[in-house]
Amino acid sequence: MAAEEGARSPTRMLAEGYLRVAIGGGAPADGGIAVRHLPHHHAAKKALEGVGGKNEQDILEDADSVPSQELTKLANGNGNNKVPATLDDYKRLLVPIIEEYFSTGDVELAASELRRLGSDQYHNYFVKKLISMAMDRHDKEKEMTSILLAAMYADLLNSSNMSEGFMMLLESTDDLAVDIPDAIDVLAVFVARAVVDEILPPVFLTRARALLPEFSKGIEVLQFAEKSYLSAPHHAELVERKWGGSTHFTVEEAKRRIQDILKEYVESGDTDEAFRCIRELGLPFFHHEVVKRALTLGMENLSSQPSILKLLKDSTSGCLISSNQMSKGFCRLAESTDDLSLDIPSAKTLFDKLVQTAISEGWLDASFTSSAPNEDMQNASGEKVKHFKEESGHIIQEYFLSDDVPELIRSLQELSAPEYNPIFLKKLITLAMDKKSREKEMASVLLSSLSLELFSTDDIMKGFIMLLQSAEDTALDIVDASSELALFLARAVIDEVLIPLNLDEITSKLRPNSSGSRTVQMARALLAARHSGERILRCWGGGTGWAVEDAKDKISKLLEEYNIGGDLGEACQCIRDLGMPFFNHEVVKKALVMAMEKHNEASILTLLQECFGEGLITINQMTEGFSRVKKGLDDLILDIPNAQEKFGAYVNLATERGWLLPSFAKVP
């Protein structure tokens, strides 16, 4: 990654109208409210945290937060907004926004300016830029940076933006240390602060350590953060006070105050007093917690429900709690109804009634029902899942007989149920585990193809989580299910369907010391063994596919033969005979590099056109091949000085002929 600048951290503040950040440990400027460490608990995060123990339908139907109508309007903005056309433009426009924020401390203005920029795909650079600019300034700006990141978390910056921004900083620590002598210590505090404020997961340190060079300064940052801050006694308080802090209180204290306010309101019925206390908290971005706790209280104590509903309705009409915060509160409670049912058996029924009441009275957006399906919808969805499983079984059995990957992909697309991709993966591997080595190899080959053509990494992870959660049941029917599943998991990493960090994410969704957790540990052991790549690739005897290195060698040879003989039909047949449609991006990559090296552009591009025209190489594979060359141009230029110019011409031709997906333009 490029050497940029960014970060993230704790607390949020928003007050009616303006919100100012306190300078040092003093009072907030201009009468605003400075708040301490109140990270968002957004639905996407909760959905992932809740995977363990759920059934397949639960995993697939984790609801996202209901989008704010106000935010949508702001995001669309007016036509006069300056929108960056390129990444360089985006980076350039960030600097005045950050400088102005450091000058004014106006969180709301900074968020508004970033929102107007659009370009959500670049927000990881904002994280990096913000932190790197703060690192060379006083403690005041460092604290303001932590506050701003927490304020923007979930609304503007998602977990990927945060993780990627911090990762870019860690990778550029060696460069930062040249200009900032204490860069390692400062960045370690930012990392620790982000973990304490829950905008970086603790597992980030483990994942980042696995990706960084062993003796890099980025590794030193992680070690410093862990040993000096996160492992210290009372580490949360230590990290929060490192830069002097703001005023006010922690998340847990805020939750206790909200609970006390609601209990006092139920006893007194004084709406005005409750509103005054909520306003005095000065945490409008945290009002979703008020909504969640109020609804929970109303479900626990039915006699208090009328007054609770009145409080929430009046808070919306009086503009105390925004529609966005109201929706978030309902979403958070929707995600925890399964847990609530342990204490309140009728929790789901009660919650559905509360939703209906809120929508009918106009203080909850009607779109909320799309993320909270009723019982009839759930039953209908259950029937759809059952039908999908049956059809998937037929498709997979036919694939085991025909070994026809493109036909299976067409059949799966015809089902038109991409939301059930994880269920298909579970079905595929479960059926393969009970068959011979040939089918197991075919399943791994198919998974590689699906990962490029149809399935996202999230689909594949969810599928493996389902498999691992049911590993104990599977073992009743398949004696060596655990070891077989470990091989499938390790093979997915070797085939680059998953990356090693995904194993950490999968483990975090499993019960400690469960059969599934032990299976992941077994997969790690397989991957750590000497010559693990070759052994795992051949774990089922090679089956239908080639080992990766063998396949690369065969691709090089067929391209060399084509370059010498020029037999287009023979070259296409050799590509077919490889039987690895999921690996055709390697054909594209090697062909383009050969064209640059040997100056035979015309024949190579003719071959690619023929393969594309016949459907032998799909647009996904073509785009992946071009993307890989694009990412490796810096290295290619060392051997081929005019590689950049040649590749640009190839891209223009490919674009004209429709070989590339629009997403190619976003490849760095």
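Just so it is clear, the model here is predicted, and its values are computed rather than measured.

### So, the overall build of the protein
So, step 1. Scanning the protein for helices and strands turns up 37 helices and zero strands.
So, step 2. A total of 668 residues make up the protein; the buried ones form 51% of that total.
So, step 3. When contacts within the protein are restricted to residue pairs at least 6 apart in sequence, long-range pairs at least 24 apart make up 78% of them.

### Some remarks on the pattern of salt bridges
So, step 1. Per the stated rule, a full pass over the model turns up 22 salt bridges.
So, step 2. The shortest N-O distance in the salt bridge between Glu 407 and Arg 410 comes to 3.0 Å. With Glu 407 and Arg 410 both in helix α22 (residues 405-415), this residue pair falls three residues apart, about one helical turn.
So, step 3. Judged by its relative accessible area of 30%, Glu 407 falls in the partly exposed class.
So, step 4. Arg 410 sits in the partly exposed class, given a relative accessible area of 43%.

### Observations concerning helix α28 (residues 500-508)
So, step 1. Among the residues of α28, Leu 501, Asn 502, Leu 503, Asp 504 and Ile 506 are the ones counted as buried.
So, step 2. Its buried side turned inward, α28 meets α11 (203-211), α25 (457-469), α27 (481-494) and α29 (515-528).

### Some words on helix α34 (residues 601-614)
So, step 1. Over its 14 residues, α34 runs 20 Å from end to end, which matches the ideal 20 Å to within 8%, given 1.5 Å per residue.
So, step 2. Burial in α34 covers these residues: Ile 604, Leu 605, Leu 607, Leu 608 and Cys 611. Taken down its axis, α34 places every buried residue within 150° of arc, on the same side. Set apart from the buried face of α34 by more than 90 degrees, the exposed residues are Ala 602 and Gly 613.
So, step 3. Once α34 ends, the next one or two residues include Gly 615, with phi positive near 80°.

### Description of the packing of helix α32 (residues 568-578) against α34
So, step 1. Their axes nearest at 10 Å, the elements α32 and α34 cross at an angle of 55°. Classified by the interaxial angle, the pair formed by α32 and α34 is oblique. The chirality of how α32 crosses α34 is right-handed. Listed contacts from α34 to Leu 568, Ala 571, Cys 572, Ile 575 and Arg 576 of α32 are Thr 606, Leu 607, Glu 610, Cys 611 and Glu 614.
So, step 2. Along the lines of polarity and charge, the residues of the contact of α32 with α34 split into six nonpolar, one polar and three charged.

### Brief notes about the nonpolar core
So, step 1. In terms of nonpolar packing, the biggest core is built from 64 residues, with Leu 114, Phe 126, Met 135, Met 152, Leu 157, Phe 166 and Phe 190 touching the most fellow members.
So, step 2. Among the elements of the structure, α4 (87-104), α5 (107-117), α6 (123-135), α7 (139-152), α8 (159-171), α10 (183-196), α11 and α12 (217-230) are those that each provide at least two residues to this core.
So, step 3. When residues in this core are grouped by element, the largest group, twelve residues, is from α10.
So, step 4. Not counting residues within four places of it along the chain, the set of residues in contact with Met 135 comprises Lys 142, Leu 176, Ile 180, Ala 183, Val 186, Leu 187 and Phe 190.
So, step 5. Of all hydrophobic cores here, the second largest spans 52 residues; its members include Val 405, Tyr 420, Met 442 and Val 497.

### A look at the side chain of His 287
So, step 1. Take His 287: it is sitting in helix α16 (residues 287-300).
So, step 2. The contact partners of His 287, leaving out residues within four places of it in the chain, are Ile 278, Leu 320, Ile 321 and Gln 325.

### A closer look at the side chain of Gln 305
So, step 1. Along the polypeptide, Gln 305 turns up in helix α17 (residues 305-317).
So, step 2. Of note is the side chain of Gln 305, whose polar atom sits 3.2 Å from the backbone oxygen of Gly 298.
So, step 3. For Gln 305, the contacting residues outside a window of four places in its chain are Gly 298, Met 299 and Leu 354.

### As for the packing of aromatic side chains
So, step 1. One pass over the full model with this rule turns up 14 aromatic pairs.
So, step 2. Relative to Tyr 122, the ring of Tyr 90 has its centre 5.5 Å away and its plane inclined at 55°; by these criteria the two rings are tilted. Taken together, the positions of Tyr 90 in helix α4 and Tyr 122 in the loop between α5 and α6 put the pair 32 residues apart, joining distant regions of the chain.
So, step 3. Judged by its relative accessible area of 17%, Tyr 122 is buried.
So, step 4. Among the aromatic side chains, those forming a connected cluster through ring pairs are Phe 612, Phe 626, Phe 647, Trp 659 and Phe 664.

### Examining the confidence of the model for the protein
So, step 1. Per-residue confidence for the protein gives a mean pLDDT of 77; residues scoring 70 or more make up 80%.
So, step 2. Low pLDDT, under 50, characterises residues 1-81; the predicted model gives this stretch 255 contacts beyond four residues in sequence or across chains.
So, step 3. The low-confidence segment residues 370-380, where pLDDT is below 50, has five contacts with residues more than four positions distant or belonging to other chains.

### Side note on the state of the cysteines
So, step 1. This model, assessed by the stated rule, comprises zero disulfides.
So, step 2. The thiol sulfur of Cys 572 is not disulfide-bonded, and the nearest other cysteine sulfur, from Cys 611, lies at 4.0 Å.

### What to know about a negative patch on the surface
So, step 1. Side chains of Asp 136, Asp 174, Asp 175, Asp 179, Asp 182 and Glu 220 sit close together on the surface and give a patch of like negative charge.
So, step 2. The biggest single contributor to the negative patch is helix α9 (residues 173-179), with three residues.
So, step 3. Mapped onto the elements, Asp 136 comes out in the loop between α6 and α7.

### Quick look at the environment of Ser 663
So, step 1. Within the secondary structure layout, Ser 663 lies in the segment after α37 (643-656).
So, step 2. Given the relative accessible area of 41%, Ser 663 is considered partly exposed.
So, step 3. As for Ser 663 and Ser 627, which are separated by 36 residues in sequence, their C-alpha atoms are 9.8 Å apart.

### Describing the environment of Leu 281
So, step 1. As for its position among the elements, Leu 281 is in helix α15 (residues 271-281).
So, step 2. Here Leu 281 falls in the buried class, since its relative accessible area comes to 7%.

### What to know about the environment of Ala 595
So, step 1. Note on placement: Ala 595 falls in helix α33 (residues 584-598).
So, step 2. Judged by relative accessible area, Ala 595 falls into the buried class, the value being 1%.
So, step 3. Sequence separation between Ala 595 and Asn 563 is 32 residues; the distance between their C-alpha atoms is 9.5 Å.

### Re unusual backbone geometry
So, step 1. Residues other than glycine seldom take positive phi values, yet Glu 198 does so here, at roughly 65°.
So, step 2. Topologically, Glu 198 is positioned in the loop between α10 and α11.
So, step 3. For Ser 416, which is not glycine, the phi torsion reads 50° and is therefore positive.
So, step 4. Assignment of secondary structure puts Ser 416 in the loop between α22 and α23 (421-433).

What counts as what
- What you see as residue numbers is a count from 1 along each chain, following the sequence as written.
- Two thresholds apply to this predicted model, a pLDDT of at least 70 for residue-level local features and 80 or more for giving and counting side-chain atom pairs, whereas whole-chain, interface and lining totals are computed over all residues.
- Excluded from the side-chain calculation are hydrogens and water; included are all heavy atoms of the structure.
- Secondary structure counts use DSSP, requiring at least four H or I residues in a row for a helix and at least two E residues in a row for a strand, with both numbered from the N terminus.
- Exposed residues in this analysis have more than 50% of their type's maximum accessible area, buried residues have under 20%, and partly exposed residues fall in between, with area computed by a 1.4 Å probe over protein chains only.
- Contact criterion: two residues are considered in contact whenever any of their non-hydrogen atoms come within 4.5 Å of each other.
- Here, a salt bridge means any side-chain nitrogen of Lys or Arg that lies within 4 Å of a carboxyl oxygen of Asp or Glu.
- Expected helix span is computed as 1.5 Å times (number of residues minus one).
- Regarding the arc, it is the one traced by the directions from the helix axis to the C-beta atoms.
- A fitted line through C-alpha atoms represents every axis, and for helices the fit uses only the stretch in contact; the resulting angles, taken between N-to-C directions, go from 0 to 180 degrees.
- Throughout this description, any angle smaller than 35 degrees is read as roughly parallel, any larger than 145 degrees as roughly antiparallel, any in the 65 to 115 degree range as roughly perpendicular, and the remainder as oblique.
- Each crossing gets its handedness from the near helix: less than a right angle anticlockwise from the far helix is left-handed, clockwise is right-handed.
- Polar here means any residue outside two lists: the nonpolar Ala, Val, Leu, Ile, Met, Phe, Trp, Tyr, Cys and Pro, and the charged Asp, Glu, Lys and Arg; Gly therefore counts as polar.
- By nonpolar core we mean a set of buried residues, namely Ala, Val, Leu, Ile, Met, Phe, Trp, Tyr and Cys, connected to one another through side-chain atoms within 4.5 Å.
- Polar contact is the term for a pair of N or O atoms within 3.5 Å; when the atoms are in protein, one must be able to donate a hydrogen and the other to accept it, and sequence-neighboring residues count only if both atoms are side-chain atoms.
- Aromatic rings from Phe, Tyr and Trp, taking only the six-membered ring of Trp, are treated as a pair when their centres fall within 6.5 Å; an angle between ring planes under 30 degrees marks them as stacked, one over 60 as edge-to-face, and anything in between as tilted.
- Every residue gets a pLDDT, meaning the predictor's confidence in that residue, from 0 to 100.
- Any cysteine sulfur atom paired with another within 2.5 Å is treated as part of a disulfide.
- Each patch is built from residues lacking any salt bridge and having more than 30% relative accessible area; the joining distance is 9 Å for like charges and 5 Å for nonpolar side chains (Val, Leu, Ile, Met, Phe, Trp, Tyr).
- Surface accessibility follows the Shrake-Rupley procedure with a 1.4 Å probe radius. Residue values consider only the protein chains on display as shielding.
- Charge counting follows a simple rule: Lys and Arg are positive, Asp and Glu are negative, and His as well as the terminal groups are ignored.
- In plain terms, the charge of a residue is placed at NZ if it is Lys, CZ if Arg, CG if Asp and CD if Glu.

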